[in-house]
Amino acid sequence: MENFFDLLTIYKWSLPSSVIMAMALAFIGSQWTAREKSAQIFVLGQGSSLGVVLGLIINIVAGTDFHWLNLVAGFALGAITLGLSDALIERKPGRNHIYLSLFVFFLALTYLLSALTPSLETHLASAYFGDLAVMSDFGAQVCLITALAFVIIAIKYGRKLSLLSFQIVNQSLIHRTWKLKVFDLATLLLTTMAVQNMGYLFTMGCLFIATSFASQQSKSLNSYTVRLALVASLGSLIGFSVSLLSTRFPTVPCVLIGQIAVGIALSLYRKK
Amino acid sequence: MSYLIKATDLQAFTKEGKALSPRVNIEVSPGEVLFLTGDNGAGKSTLLKSLLGLHRPIKGKVELGVANREVQYLPQLGTLQFHIPLALQDLLPANCLSPLLKNLDLRKLWNTASGGERQKVLLASLLSKQPKLLILDEPFNHVDKESAMQLEASLQDYLKEHPQSAMIMVSHRALVHSWKQVRFMDIAYNKELEG
C-alpha cells in the first residue's frame, strides 16, 4: 500500500490532469453527440492525431524537440478537417460513410508516415494508444489548467450550450453566434491536447463513453450533468488507480474500462 | 425602407442546379401576415429556409429591414429525439410568462412530450423574444385541434399587442383564413390571391 501511495506522488500531475481532461472531453462529446456529429468529431480526432504525428516527423527530421510543434500541427490539421467536413460533407445525406472513409484515409496516411520514418514507431504507439503514466509534468499541468477552465465554463453555461445544440439539430438556429465558434475552437484545442498528451484512444473513449451512459439514465439536465461528470471522473480515477497496482496494466484501457464500469454501476443503482 | 423583409426573384436550388422552388418576389411590411400556399413539394419550406439563409444555393436577393436578432423562426415540428435530456422548461427563457404554458408540466422531458406540448413551448419561447418578424413553417402540424386553436390564438394576440410585427407562415390549417390582415400567396404563380 505504501508503494501505491509512493506511485501516487509520482503521478501527482498526470492523475488529476487525466481525470479533469476526461470530464472536459465528456462535456465536449455530449454536445457533439447531441448535434448528431459524433462521426465528425471521430474524424476530427484522427485528423489531429495525424497532425501530431506530422509534428513528430518534423521534429525528428529537423533534430529538434519542440512539443508545441506537435500541438500546432495537430490543431491545424484538426481545424482543416473540421472546416472541410462542415463545408463539404455535413449537408450530404447519409454522411457517416464519408466520415468513415475519411477516417480510414487519415489512418492510412498515419501508417504510411510511420513506415517511412522508422524511428517514429514508438512515438506512434504512444500517440495512438497513449500512456498516461509517461506524460510529462509540464504537459499534464497545461492539460489540467486548460481542461479545468473548460469544465468550469461547460458547467456554468451547460444549459445555453445544450440549447444551441438543440437549435442546430432542430434546424432552427438562424442566429449564428461567436459562442459556437468558441466552442469549436475549444473542441479543437482540447482534443488536440488530449491526443498529443494522452493518446487518440483515451480521447475518443472519454468523448463518448460517459455521455452514452448518462443520456440513458437521466431525468433532467442537472442529473445528466452530474452523471456525465461522475462517469468520466470517477471512472478515470478508479481506472488509473487500478493500473498502478500492476506494471502489466496499461493506464488508458484501465481508465476507459473504469468509466464503463462506473456507467454500468450507476445504471444498476438506478434500477434498484 | 418600410419593409421588414424583401425577396427579389428568389429561387432555391440543389447543389446540382435543380430548382427546388419556383421564383418568387416577397415583401412584408410591419403589421402584415403573409401566408404562403402551394401544393405539397412545391418548395414552401425551402423558400422559408432560403429567406433565413438556412438553405443554399439560391438565386435572387433577400434583404432584411430589421436586425437579424429581431427575426425568429419556427421550423416544422419533426419527431426529434434529443440526446441530452432537456426538460420543456430548459427550452424557455427565464421568467417566460405565456398563456400557452398554462396547464403544461414543464418538468416533462422534450423526448416524452407530445407534439402539442413541444410546439406550445417552442412558440412561447419565440414570442417571449418579441420578434419583429416571425417565420413559421406549418406551426399547427402534429398538434391536436385544441392545441392548434391555442397556438393560433396566441399568434393573434401577439400581433394585436405588437402591431409593428409581421409574420410569414406556411400552413395547411384553414382557420388562419379568418385573420383580417392575412395576405395569401400561391408560390407556384408568384402572385397574391384574393382573401
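Residues numbered from 1 in each chain as written. Chains lettered and ligands numbered in written order. Predicted model: local features only at pLDDT ≥ 70, side-chain atom pairs only at ≥ 80, totals over all residues.

Caption draft 1: Seen up close, the overall build of chain B. Looking only at helices and strands, chain B has three helices and nine strands in total. From first element to last, N terminus to C terminus, chain B shows the α and β order β-β-β-α-β-β-α-β-α-β-β-β. At 17 Å, chain B has a C-alpha radius of gyration in line with the 16 Å of a compact globule built from 195 residues. Considered along the principal axes of its C-alpha atoms, chain B spans approximately 45 × 40 × 30 Å. Classification of the 195 residues of chain B by burial places 37% in the buried group. Sequence-distant contacts in chain B: of pairs separated by 6 or more residues, those separated by 24 or more amount to 72%. (Helix = DSSP H or I, 4+ residues; strand = E, 2+ residues; numbered from the N terminus. Rg over C-alpha atoms; globule rule 2.2 N^0.38 Å. Buried ≥ 20, exposed ≤ 12 C-beta atoms within 10 Å, placed from the backbone. Contact = placed C-beta atoms within 7 Å.)

Caption draft 2: Geometry of the confidence of the model for chain B. Looking at chain B as a whole, the pLDDT averages 89, with 93% of positions reaching at least 70. If you check the scores for this complex, the pTM reads 0.89 and the ipTM reads 0.88. (pLDDT = per-residue confidence, 0-100.)

Caption draft 3: Summary view of the sheet that holds strand β2 (residues 24-28) of chain B. Residue and element names in this part refer to chain B. The strand order across the open sheet built from three strands is β2-β1-β4, with neighbouring strands paired in antiparallel fashion. For this open sheet the edge positions go to β2 and β4 (58-64), each flanked by a neighbour on one side alone. The mean angle between the axes of side-by-side strands here comes to 15 degrees, regardless of whether they run parallel or antiparallel. Bridge analysis of strand β1 (residues 5-12) against β4 gives six bridges, and the strand direction is antiparallel. When the sheet's bridge partners are listed, T8 is paired in β4 with K61. The strands touched by helix α1 (residues 44-52) within the sheet are β1, β2 and β4, with β1 carrying the most contacts at an inclination of about 125 degrees. (Pairing = 2+ DSSP bridges. Axes fitted to C-alpha atoms, helices over the stretch in contact; angles between N-to-C directions.)

Caption draft 4: Main features of the packing of helix α3 (residues 38-62) of chain A against helix α5 (residues 96-116) of chain A. Residues and elements named next belong to chain A. As a packed pair, α3 and α5 sit with axes 9 Å apart at the nearest point and diverge in direction by 15 degrees. Regarding the angle of α3 to α5, the classification is roughly parallel. Two packed elements cross with a definite hand, and for α3 against α5 that hand is left-handed. Across the interface between the two elements, A39, Q40, F42, V43, Q46, G47, S49, L50, V53 and I57 from α3 touch N96, Y99, L102, F103, F106, L107, L109, T110, L113 and S114 from α5. Here the contact of α3 with α5 is composed, by residue class, of 13 nonpolar, seven polar and no charged. (Parallel < 35°, antiparallel > 145°, perpendicular 65-115°, else oblique. Left-handed = near helix turned anticlockwise from the far one by under 90°. Nonpolar A, V, L, I, M, F, W, Y, C, P; charged D, E, K, R; others polar.)

Caption draft 5: Layout of the interface of chain B and chain A. Listed as interface residues are 17 residues of chain B and, on the opposing side, 20 residues of chain A. Counting residues per element, the side of chain B that touches chain A draws most heavily on strand β5 (residues 71-74) of chain B, at three residues. Along the lines of polarity and charge, the residues of the side of chain B that touches chain A split into 13 nonpolar, two polar and two charged.

Caption draft 6: Looking closely at the environment of A:A232. Residues and elements named next belong to chain A. When you line up the elements, A232 lands in helix α11 (residues 221-244). Through-space distance from the C-alpha of A232 to that of V53 is 27 Å; in sequence the pair is 179 residues apart. The contacts of A232, once residues within four sequence positions are left out, are A22, M23, A26, C206, A210 and Q259.

Caption draft 7: Expanded view of the pairing of β5(B). Residue and element names in this part refer to chain B. Residues V71 and Y73 point to one face of β5 and Q72 and L74 to the other, with burial holding for every one of them. Direction of pairing for β5 relative to strand β6 (residues 133-137): parallel, over a ladder of four bridges. By the bridge assignment, Q72 is partnered in β6 with L134.

Caption draft 8: The environment of A:G78, seen in detail. Residues and elements named next belong to chain A. Note that G78 resides in helix α4 (residues 67-89). As for G78 and D137, which are separated by 59 residues in sequence, their C-alpha atoms are 25 Å apart. Excluding residues within four positions of it along the chain, G78 makes contact with L44, G47, S48, G51, L188, T191 and T192.

Caption draft 9: Looking closely at the confidence of the model for chain A. Here chain A averages 89 in pLDDT, and 97% of its residues register 70 or above. The spread of mean pLDDT over the elements of chain A runs between helix α6 (residues 121-128) of chain A, the lowest at 74, and helix α2 (residues 14-34) of chain A, the highest at 96.

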